[in-house]
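Coordinates in review
Residues per chain, in single letters:
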Amino acid sequence: MKKTILVVSAVGMMVFASCGGGKKADKAAEEQKEAPVETKAEVVDPKLVAEGPYEKLIAATAESPAYVLIDKPQVNLEDFPKDKDGYYVIFDGKTFNGWRGYNKDSVPGRWIIEDGALKFNGAGFGEAQEADGGDIIFTHKFKNFELAFDWKVAKGSNSGVFFHAQEIKGEPIYISSPEYQILDNVNHEDAKQGKDGNRQSASLYDMIPAKPQNSKPFGEWNTGSITVSKGSVFHKQNGQTVVEYHLWTPKWNELIKNSKFAPGGDFPLAFKLLTNLGGDNREGYIGFQDHNDDVWFKNIRVRIIE
């Protein structure tokens, strides 16, 4: 494998200092000039190293480009109330307490609170992520948990729920996180794409189809949940377990290789991040997707699994 040397300079230039001089120094300099170069240096923009107090540089490898992992402060989960079933209520239906935009410092303007629900106001075209839009995350990293939520979509709408997401500077949330698909299966074209219905609602997007497919029509509320316990993951939709898979296994890696996130594809970082889902600590953020369509979420609760 070809070695790559990562060179980071605080001022974008290299400064050489020497002690002494004379013929010995001249001779050493001449020998250095004539020495063969066996490796190529790859220079990373020094601005990436210290652009903010919470960011750290992740070294580049020969297999994937360099990226910056953002590590901002998290909220204290104990500051959020628990319901009678022992779930933390992470959305109170009135405020955005604990939430912000992915790669942002606040909640984007197109996310609003409507009748006790978290709503994205879509324009109904394109892949979204406009200046006043974008995905949102709850700012606490979860490891083993059950996330419960209710969701509904407008006619032809598309969205998603993410977990174990890492915040990568300048990248979308879906390259580092599996997606529980949210979709109007009847009226959105994505329902016909992929394989065997693996882009329909509650599916592990583009990997495993939700079966049975029991979603309700657009405009009606569905219940959903994602359970993550020591690498085993279960998707529920309207009370039924419809997807099961196991993280950090050869089969998990194979699922990614056969999806749109395969190595060498349109998302060069995705395979590396998804196979090492959650990073070294095996944890990450919960998030909701802006796909430029109207979507609502409510009764958002999390139970911690020890």
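Summarised in this report is the structure supplied together with it. (Residues numbered from 1 in each chain as written. Predicted model: local features only at pLDDT ≥ 70, side-chain atom pairs only at ≥ 80, totals over all residues. Heavy atoms only, no water.)

**Examining unusual backbone geometry**
To keep it simple, the criterion reads: Numbering of helices and strands runs from the N terminus, with a helix taken as a DSSP run of H or I at least four residues long and a strand as a DSSP run of E at least two residues long. Accessibility here uses a 1.4 Å probe with only protein chains present; expressed as a share of the type maximum, an area under 20% marks a residue as buried, one over 50% as exposed, and anything in between as partly exposed.
With omega at 0°, the peptide bond leading from K211 into P212 counts as cis. With respect to the secondary-structure elements, P212 resides in the loop between β13 (179-183) and β14 (222-229). The phi angle at K230 is positive, at roughly 55°, despite the residue not being glycine. Inspection of the secondary structure puts K230 in the loop between β14 and β15 (232-237). A residue is classified by how much of its surface remains accessible, and K230, at 72% relative accessible area, is exposed. In this structure, R282 takes a positive phi of about 55° despite not being glycine. Inspection of the secondary structure puts R282 in the loop between α3 (270-275) and β17 (284-288). Overall, R282 belongs to the partly exposed group, its relative accessible area being 27%.

**Quick notes on the pattern of salt bridges**
Quick note on the threshold: By convention in these notes, a salt bridge is any Lys or Arg side-chain nitrogen within 4 Å of a carboxyl oxygen on Asp or Glu.
Considering all chains together, one arrives at 13 salt bridges under this definition. Here E114 and K119 are joined by a salt bridge, their closest N and O atoms 3.6 Å apart. We classify E114 as partly exposed; its relative accessible area is 28%. With a relative accessible area of 9%, K119 lands in the buried category. One salt bridge connects E146 with R303, and the closest N-O pair in it is separated by 2.9 Å. On the criterion of sequence distance, the pair formed by E146 in strand β10 (residues 145-153) and R303 in strand β18 (residues 295-304) is long-range, its members being 157 residues apart. The class for E146 is buried, based on a relative accessible area of 12%. Beyond isolated ion pairs, a larger network of salt bridges with shared partners links D83, K84, D85 and R301.

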